[in-house]
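# Close look at the chain arrangement
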Amino acid sequence: MKKSKKYSGIDSLPEGRASGDITEGCIVLEGGAFRGVYTSGVLDALMEENINFRCTVGVSAGSLNAVNYITGQIGRSARINLRYRHDSRYVGRKAIIRNQGVIGFDFIFGRMPFVPDLDKKALRNPERQLYAVVTNLSTGRPEYIEKSSGEDFFKVMMASSSMPFVSKPIEIGSHLYLDGGCSCKIPYEWPLTQNFENIIIVRTRPRSYRKIVKPEQKFNPEQFVYRGYPAFAASLMASNANYNHQCVDLLKLERQKRIFMIAPSQSIDISRLEGNMEKLGSLYYLGYHDTKHSIVRLREYLNRNH
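Okay, so let's go over this structure.

Here is what the cut-offs are and how they apply
Residues numbered from 1 in each chain as written. Predicted model: local features only at pLDDT ≥ 70, side-chain atom pairs only at ≥ 80, totals over all residues. Heavy atoms only, no water. Salt bridge = Lys/Arg side-chain N within 4 Å of Asp/Glu carboxyl O. Helix = DSSP H or I, 4+ residues; strand = E, 2+ residues; numbered from the N terminus. Buried < 20%, exposed > 50% of the residue type's maximum accessible area, 1.4 Å probe, protein only. Phe/Tyr/Trp six-rings, centres within 6.5 Å; stacked < 30°, edge-to-face > 60°. Lys NZ or Arg CZ within 6 Å of the ring centre and 35° of its normal. Pairing = 2+ DSSP bridges. Right-handed = clockwise from strand over helix to strand, strands pointing away. Axes fitted to C-alpha atoms, helices over the stretch in contact; angles between N-to-C directions. Parallel < 35°, antiparallel > 145°, perpendicular 65-115°, else oblique. Contact = heavy atoms within 4.5 Å. Expected span 1.5 Å × (residues − 1). 1 Å grid on protein atoms, 1.4 Å probe; cavity = no way out; pocket = protein on both sides within 12 Å on 5 of 7 lines; lining within 4 Å. Points joined across faces, edges and corners; volume = space filled by probe spheres on them.

### With respect to the pattern of salt bridges
According to the stated counting rule, one finds 14 salt bridges in the structure shown. Ionic pairing is found between Arg 203 and Glu 30, a salt bridge with its closest N-O pair at 3.0 Å. Here the residue Arg 203 occupies a position in the loop between β9 (199–202) and α9 (221–225), and Glu 30 occupies one in the loop between β2 (23–29) and α1 (36–48), the gap between them amounting to 173 residues. Taking relative accessible area as the criterion, Arg 203 reaches 1% and is therefore assigned buried. Here Arg 299 and Glu 49 are joined by a salt bridge, their closest N and O atoms 3.2 Å apart. Highlighted residues: Arg 299 in helix α11 (residues 277–302) and Glu 49 in the loop between α1 and β3 (53–59), separated in sequence by 250 residues. Residue class for Arg 299 comes out partly exposed when judged on its relative accessible area of 34%. Taken together, the salt bridges that share partners define one network made up of Glu 48, Glu 49, Lys 292 and Arg 299.

Here's what the structure looks like:
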């Protein structure tokens, strides 16, 4: 049986606009390529519940989701992924030709039939902060670039989501950048250093998930492909171990009520470039319903010091 090229429930997805009310705090969005469809469901549910955080930090797919959260466009991110996943302008040959990478950023930031135009005026709203995490190839370190920084934000979003090995580095200013997840997969430490009282972490893996850490080898593809950027190669090689450390630290912070975490309540069998549209649709609703079930606890967390 031929797989459908769009999700069967595409026409029933939530839609509308979030209110202009702002919730104090910072929400952090993990990446994970098409596992980010889970995050789309989380953010749509939050917007429906009138929870629109003043500050959003996104890495990789998390930064792309963040754009539609900042603009308050319920269902927009889901409609892009669940309708256009198999359009080569988004993922595939045309995207590679036009963007030097597997994702067609020019397509998803352009005009698309069946998807509302991105509200660029709302994106510029100075009351909503948006930081995209990128990795500097020279230093191998994450950098946090705010949408009002003066940099070309389209390039910043491209850099944050440009996967290593399969994407051309993005030049911003005088530096080259790639996916923020290369150096920081869950950027929760930044809001901690900024002394945010309310910090919400949106994961794209269950709390119990850990990555496999491979033993050191004589030959590492990272060191060969990025031989001109040894610090970046080192960050890539250490990323799985660092991720596992982050997972342990997040559980500790959650127990201390320093953060509030929303994570998949079921195991996730979704590849980075997942093409099964029904699986992606189910993942969206997992994020949506996980969040709806967490709303009472989330409001208690937000009001805990009042």
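### Some remarks on the packing of aromatic side chains
This structure, assessed with the given rule, holds 14 aromatic pairs. When the centroid spacing of 4.5 Å and the interplanar angle of 45° are considered together, the rings of Tyr 131 and Trp 190 count as tilted. Of this pair, Tyr 131 sits in strand β5 (residues 129–136) while Trp 190 sits in helix α8 (residues 189–193); the two residues are 59 residues apart in sequence, bridging distant segments of the chain. There is no split in this pair, since Tyr 131 and Trp 190 are both buried. Look at Phe 260 and Tyr 301: their rings are 5.7 Å apart centre to centre, the planes differ by 45°, and that puts the pair in the tilted class. On the criterion of sequence distance, the pair formed by Phe 260 in strand β10 (residues 260–262) and Tyr 301 in helix α11 is long-range, its members being 41 residues apart. Each member of the pair, Phe 260 as well as Tyr 301, carries the same accessibility label: buried. What links up through ring pairs into an aromatic cluster is the set Tyr 131, Tyr 144, Trp 190 and Phe 196. One residue, Arg 128, lies across the ring of Tyr 69, its end atom 5.1 Å from the ring centre.

### A word on the pairing of β2
In terms of residue burial, β2 counts as a mostly covered element, since six of its seven residues are buried. Note that β2 and β3 share five bridges and pair parallel. In the sheet register, Leu 29 faces β3, and the bridge partner there is Gly 58. As a crossover connection, the stretch from β2 through α1 into β3 is right-handed. Both β2 and β9 contribute to a ladder of four bridges, which runs parallel.

### Remarks on the packing of helix α2 (residues 61–70) against helix α7 (residues 153–161)
Viewed as axis vectors pointing N to C, α2 and α7 meet at an angle of 140°, and their least axial separation amounts to 7 Å. One element, α2, and the other, α7, form an angle in the oblique class. Where α2 abuts α7, its residues Ala 61, Ser 63, Leu 64 and Val 67 lie against Met 157, Ser 160 and Ser 161.

### Things to note about α1
An ideal rise of 1.5 Å per residue puts 18 Å on 13 residues; α1 measures up with 19 Å between its terminal C-alpha atoms. Residues of α1 that are buried include every one of Gly 36, Val 37, Tyr 38, Thr 39, Ser 40, Gly 41, Val 42, Leu 43, Asp 44, Ala 45, Leu 46 and Met 47, and no others. Positive phi shows up at Asn 50, right after α1, with a value of about 65°.

### Some thoughts on empty space enclosed by the protein
Applying the stated criterion across every chain, the model contains two cavities of 30 Å³ or more. Roughly 310 Å³ of volume is contained in the largest cavity. Lining the largest cavity are 24 residues, with Ala 61, Leu 64, Asn 81, Tyr 90 and Ile 108 sitting closest to its centre. Counting only elements with at least two residues in the lining of the largest cavity, the list comes to α1, α2, α3 (76–84) and α5 (105–108).

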